[in-house]
Amino acid sequence: MAMMTGEQYVESLRKLKLNVYMFGKKIENVVDNPIIRPSMNSVKMTYDLAEKPEYEELMTTVSNITGEKINRFTNIHQSTEDLVKKVKMQRLCGQKTAACFQRCVGMDAFNAEYSTTFEIDKEYGTNYHERFKKFMAYVQENDLTVDGAMTDPKGDRALSPAKQADPDLYLHIVERREDGIVVRGAKSHQTGITNSHEVLVMPTVAMRPEDKDYAVSFAVPTDSQGITIIMGRQSCDTRKSEEGADIDVGNFNYGGHEALVVFDNVFVPNDRIFLNGETEFAGMLVERFAGYHRQSYGGCKVGVGDVLIGATALAADYNGAHKVSHIKDKLIEMTHLNETLYACGIACSAEGHKTESGNYLINLLLANVCKQNVTRFPYEIARLAEDIAGGLMVTMPSEKDFRSEEVGHYIEKYLKGVASVSTENRMRILRLIENITLGTAAVGYRTESMHGAGSPQAQRIMISRQSNLAHKKALAKAIARIKE
Ligand code: SF4
Ligand code: FE
């Protein structure tokens, strides 16, 4: 099998024996759980779109490893054109789901691992790159979704991994065996773990020599013995499990959902280990993965932004306010901010370069500038959306009241905007804006814009490292005719 259809993807997830907990209970049927299902539908979109002829160019490509046609979410980027197409694909998926579609974390981890394993082998004569290519061939041939897992709980931020009071606060090797290793620890904020076949684990920070057991990277199936998934709580999450839920959910079909993933003595066979104690390469892996994921936000967040701008413009139409000049100007500002993010995503891709392994890396300075803007602009876009939508977005009665025989007619009458638009449609659009700015999707659009792919300070450190101030000083001296 080369590529899965959306339906085949869903069926493949049913075969997994995931150990998932939510609201204190074990979830036996993860795929059909009404709270988790929308997040799975978002990943399914990456399969559905790949089947459509009009998106073939964007959603699929040819593997450099197997020579077969593959879903672009499993691609090892072969050119700057590939990097640009990646961002365009993410914008498209954001537009179609208005949520986090999760599959990019794996794609970004693949590309960081591909080049880093090559460079470790060159230094140490290890065979991580061949192992990794074998793993990639398996992923591509089976069209798998892989969760890229980086963020450790981190405990006391002032202490390095090996100095923590509890050694498990960073995931680490607890046993080295002839046939592999045993690991313990956890990964936080894992988007899409319940919708993934495999989990690809990476270290979360650069390591010192004493952190040898913490400099570890590997891939295992998500239903491996010892893995426990504890779902995160989201604002308004239980609306999805209410009987007859529809309007109040805001985005009924799609979502994203994060979890804490615990690795309690999980065995990793040798052929699935891609970093094992080479502490000085942990930083390279982290920096490259973070760079790719900061590029990704110049696509996915822009796609969700497109939906939010559209919803806001509709809210203005439904209020009869669409011709008011300040409303028009605010929609222009939202578009300007959103397209600025896209420009950064495209720019860091177009300015990418070939690594020693042959795949392409983004321009790291521009990718970090991209993500730094993402920590700000979606907040301003959301602020303007709330401004235009009006207070009703958060004071509106429930769908059950709207459907009620006793009071439904009052809602129908008093929540009406322009006469030509039904009250129900006005409610639907306001709930969608609420969902993206304050509800379940706000995890992906707001707070993830701040902290996903690294918090703002992490980008500032990278921007500072890449800024080349010495060169800029030399330029100024030349112009000012300074001779020393
Ligand atoms: Fe993809 Fe964006 Fe979700 Fe990251 S936040 S996995 S880039 S959709
Ligand atoms: Fe993310």
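Since the structure is predicted, the reported quantities are computational estimates derived from the model, not experimental observations.

Caption draft 1: Region of the structure containing the pairing of strand E9 (residues 216-221). Counting buried positions along E9 gives five out of six residues, so the element sits mostly inside the fold. Sheet topology note: the strand E8 (residues 198-201)/E9 ladder contains four bridges and is antiparallel. Within E9, the residue paired with valine 199 across the bridge is valine 220. Across three bridges, the pairing between E9 and strand E12 (residues 273-276) is antiparallel. Residue pairing across strands places serine 217 opposite leucine 275, the latter belonging to E12.

Caption draft 2: A look at the site of ligand 1. In the region of ligand 1, the neighbouring residues are Cys100, Phe101, Gln102, Cys104, Val105, His293, Ser296, Tyr297, Cys300, Lys301 and Glu448. Its residues assigned to classes, the shell around ligand 1 comprises six nonpolar, three polar and two charged.

Caption draft 3: Representation of the coordination of the iron ion (ligand 2) in the model. Protein coordination of the iron ion (ligand 2) is provided by Tyr297 (OH) and Glu448 (OE), with donor distances spanning 2.4 to 2.6 Å. Here the residue tyrosine 297 occupies a position in helix H7 (residues 282-319), and glutamate 448 occupies one in helix H15 (residues 442-451), the gap between them amounting to 151 residues.

Caption draft 4: Local environment of the environment of isoleucine 227. When you line up the elements, isoleucine 227 lands in strand E10 (residues 227-231). Linking isoleucine 227 and valine 43, residues 184 residues apart in sequence, is a C-alpha distance of 21 Å. Leave out the neighbours within four places in its chain, and isoleucine 227 touches Asn19, Val199, Val220, Pro221, Thr222, Val261, Val262, Phe263 and Val266.

Caption draft 5: Fine view of the nonpolar core. Ranked by size, the top nonpolar core spans 55 residues in total, and within it Met59, Phe73, Ile433 and Ile436 carry the most contacts. Secondary structure elements with two or more residues in this core: helix H2 (37-51), helix H3 (56-59), helix H4 (80-97), helix H5 (104-124), H7, helix H8 (325-350), helix H10 (377-389) and helix H14 (423-437). The leading source of residues in this core is H7, at eleven residues. Leaving out residues up to four positions away in the same chain, isoleucine 436 has contacts with Ala98, Val304, Val307, Leu308, Ala441, Ala442, Tyr445 and Arg446. Counting 38 residues, the second largest nonpolar core, distinct from the first, contains Phe135, Met136, Leu200 and Tyr214.

Caption draft 6: View of the packing of H7 against H10. At a minimum axis separation of 9 Å, H7 and H10 run at an interaxial angle of 15°. It follows that H7 is roughly parallel to H10 by the angle criterion. For H7 against H10, the interelement crossing comes out left-handed. On H10, the residues that touch Leu308, Thr312, Ala315, Ala316 and Asn319 of H7 are Ile381, Ala382, Leu384, Ala385, Ile388 and Ala389. Of the residues belonging to the contact of H7 with H10, the class tally is nine nonpolar, two polar and no charged.

Caption draft 7: Looking closely at unusual backbone geometry. Despite not being glycine, histidine 189 shows a phi value in the positive range, around 50°. Residue position: histidine 189 is located in the loop between strand E7 (180-187) and E8. Positive phi, normally seen in glycine, also occurs at cysteine 236, with a value near 70°. Position of cysteine 236 relative to the elements: it lies in the loop between E10 and strand E11 (259-269).

Caption draft 8: The arrangement of the packing of aromatic side chains in detail. Considering all chains together, one arrives at eight aromatic pairs under this definition. Ring centres 6.4 Å apart and planes at 70° place the aromatic pair tyrosine 124 and phenylalanine 281 in the edge-to-face group. Taken together, the residues tyrosine 124 in helix H5 and phenylalanine 281 in the loop between E12 and H7 connect sequence positions 157 residues apart. For the pair tyrosine 170 and tyrosine 214, a centre-to-centre distance of 6.5 Å together with 85° between the ring planes defines the contact as edge-to-face. Taken together, the residues tyrosine 170 in the loop between strand E5 (146-149) and strand E6 (172-177) and tyrosine 214 in the loop between E8 and E9 connect sequence positions 44 residues apart. Taken together, Phe132, Phe135 and Phe274 form an aromatic cluster joined through their ring pairs. It is arginine 91 that lies over the ring of tyrosine 342; its NZ or CZ is 4.4 Å from the centre. The aromatic ring of tyrosine 297 is capped on one face by lysine 301, whose charged end is 4.2 Å from the ring centroid.

Caption draft 9: Seen up close, helix H9 (residues 364-374). The buried count for H9 comes to eight of eleven residues, which makes it a mostly enclosed element. Regarding H9, the residues found buried are Leu364, Ala367, Asn368, Cys370, Lys371, Gln372, Asn373 and Val374. Where the residues of H9 are buried, they touch H7, H8, H10, H15 and helix H16 (456-466). Backbone nitrogen of leucine 365 and a side-chain oxygen of the N-cap are separated by 3.0 Å at the start of H9; the cap is asparagine 363.

About the cut-offs
Residues numbered from 1 in each chain as written. Chains lettered and ligands numbered in written order. Predicted model: local features only at pLDDT ≥ 70, side-chain atom pairs only at ≥ 80, totals over all residues. Heavy atoms only, no water. Buried < 20%, exposed > 50% of the residue type's maximum accessible area, 1.4 Å probe, protein only. Helix = DSSP H or I, 4+ residues; strand = E, 2+ residues; numbered from the N terminus. Pairing = 2+ DSSP bridges. Near = heavy atom within 4 Å. Nonpolar A, V, L, I, M, F, W, Y, C, P; charged D, E, K, R; others polar. Donors = N, O, S within 2.8 Å, 3.2 Å for Na, K, Ca; no water. Contact = heavy atoms within 4.5 Å. Core = buried A, V, L, I, M, F, W, Y, C linked by side-chain atoms within 4.5 Å. Axes fitted to C-alpha atoms, helices over the stretch in contact; angles between N-to-C directions. Parallel < 35°, antiparallel > 145°, perpendicular 65-115°, else oblique. Left-handed = near helix turned anticlockwise from the far one by under 90°. Phe/Tyr/Trp six-rings, centres within 6.5 Å; stacked < 30°, edge-to-face > 60°. Lys NZ or Arg CZ within 6 Å of the ring centre and 35° of its normal. Polar contact = N/O pair within 3.5 Å; in protein donor to acceptor, adjacent residues only side chain to side chain.

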